[in-house]
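# Examining the three-dimensional arrangement
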Amino acid sequence: MTTPQELKSILSQGLLSFPLTDFDEQGDFNEKAYAARLEWLAPYGASALFAAGGTGELFSISGDEYGTIIRTAVQAGAGKVPILAGVGGPTRTAIAQAQEAERLGAHGVLLLPHYLTEASQEGIAAHVAQVCQSVKIGVVFYNRANSRLSAEWLLKLADAHPNLIGFKDGVGDIEPIVRIRRKLGDRFTYLGGLPTAEVYAAAYKAMGIPVYSSAVFNFIPKTAIAFYHAVAAGDHATTNRLIDEFFLPYLEIRNRKQGYAVSIVKAGARLAGHSAGPVRAPLTDLEEEEVQALKALMDKLGSQ
């Protein structure tokens, strides 16, 4: 088993990504295609892959599918790339998922937000604490939507739960991030987690958060890795060119509808010859005109 501190070290460098979850045309999980996806992505050099994360549509995965997805990911990634499992929703659901992921050999878990209801800092902290207590593997807290914690609460949780080793930000509010980074120091590994994180990568690096998760790695892995290395090296000519030529036009498509942050990645994977099938409701797939606009952007990048 990878210890929480070993996982923290793994997540402290390199590019991270969230594989899409493969569904067939009837919307059922496609185990064979999912295994092939992870085997395709593994050699490109991501430091870790997050199975059943946000891009992997955790919010649409049923209880009896979850274990199959995580088991498939762990088997496909064995000896190639560490696998973290997304967990979330109600506290007891998140606990059950975390324990199943640990049983199946996942290296750690990413705790996504609970859904629908707002909660106090005390309540969110209790949610995190109960998940941490339920497993021995490392836990990364995803600060996003209605699940946000202050620096003070994160420090309390870190002191009480040594396996809470990471903080992923999906909000982008600079002042709280700076407070968290200064108060927690090297107690956590810090990950950038805004949708299309490449656009924010340089800003996060300036705040001491050089690692981020890339959704576009699902369909332009060569470009995603090249962009990460350019950010790390301070190669502004490369990052600025790719932001102007790909990422900003890509955002124009992504921002047309709520939920397209996942849908556009599935469209990109299909165009790249690695279709993950349709998104599940309540998400909707891109319109054909939008798919063609994405194709034009991908064509300019060349072979992946």
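As the structure is a prediction and not an experimental result, all values here were calculated from the model. (Residues numbered from 1 in each chain as written. Predicted model: local features only at pLDDT ≥ 70, side-chain atom pairs only at ≥ 80, totals over all residues. Heavy atoms only, no water.)

## Considerations on the pairing of strand β2 (residues 48-51)
Worth spelling out the cut-off: Note on exposure labels: buried denotes an accessible area under 20% of the residue type's maximum, exposed denotes more than 50%, and partly exposed covers the range between, all computed with a 1.4 Å probe on protein chains only. To qualify as a helix, a DSSP run of H or I must reach at least 4 residues; to qualify as a strand, a run of E must reach at least 2; elements of each kind are numbered from the N terminus. The pairing criterion is simple: DSSP has to find at least two bridges between the two strands. If the strands point away from the viewer and the path from the first strand over the helix to the second runs clockwise, then the crossover is right-handed.
Residues Ala-48 and Phe-50 line one face of β2 and the alternating positions Leu-49 and Ala-51 line the opposite face, and both faces are buried. Where strand β1 (residues 16-17) meets β2, two bridges bridge the pair, whose relative direction is parallel. The partner of Leu-16 across the bridge, within β2, is Ala-48. Assessed by its sense of winding, the connection that carries the chain from β1 through helix α2 (residues 31-41) to β2 is right-handed.

## Here we look at the sheet that holds strand β5 (residues 138-143)
We count it as follows: Any pair of residues with heavy atoms lying within 4.5 Å of one another is described as a contacting pair. Angles here are taken between N-to-C directions and fall from 0 to 180 degrees, while the axes themselves are lines fitted to C-alpha atoms, restricted in helices to the stretch in contact.
An order of β1-β2-β3-β4-β5-β6-β7-β8 is seen for the eight strands of this closed barrel, with the pairing classed as parallel. Its contacts with the sheet put helix α3 (residues 63-77) on β2 and β3 (83-87), and the angle it makes with β3 is roughly 165 degrees.

## Considerations on the side chain of Glu-57
Considering the arrangement of structural elements, one finds Glu-57 in the loop between β2 and α3. In this view, Glu-57 contacts Thr-21, Phe-23, Val-262, Lys-266, Val-279, Arg-280 and Leu-283; residues no more than four positions away in its chain are not counted.

## Points about helix α5 (residues 121-134)
Counted only if it meets this: For a helix, the expected span equals 1.5 Å multiplied by the residue count minus one.
In a regular helix each residue adds 1.5 Å, so 14 residues correspond to 20 Å; α5 covers 20 Å between its end C-alpha atoms and thus fits that length. What α5 keeps buried is the set Ile-124, Ala-125, His-127, Val-128, Ala-129, Val-131, Cys-132 and Ser-134. Among the structural elements, α4 (91-103), β4 (108-111), β5, α6 (151-160) and β6 (164-169) are those in contact with the buried residues of α5.

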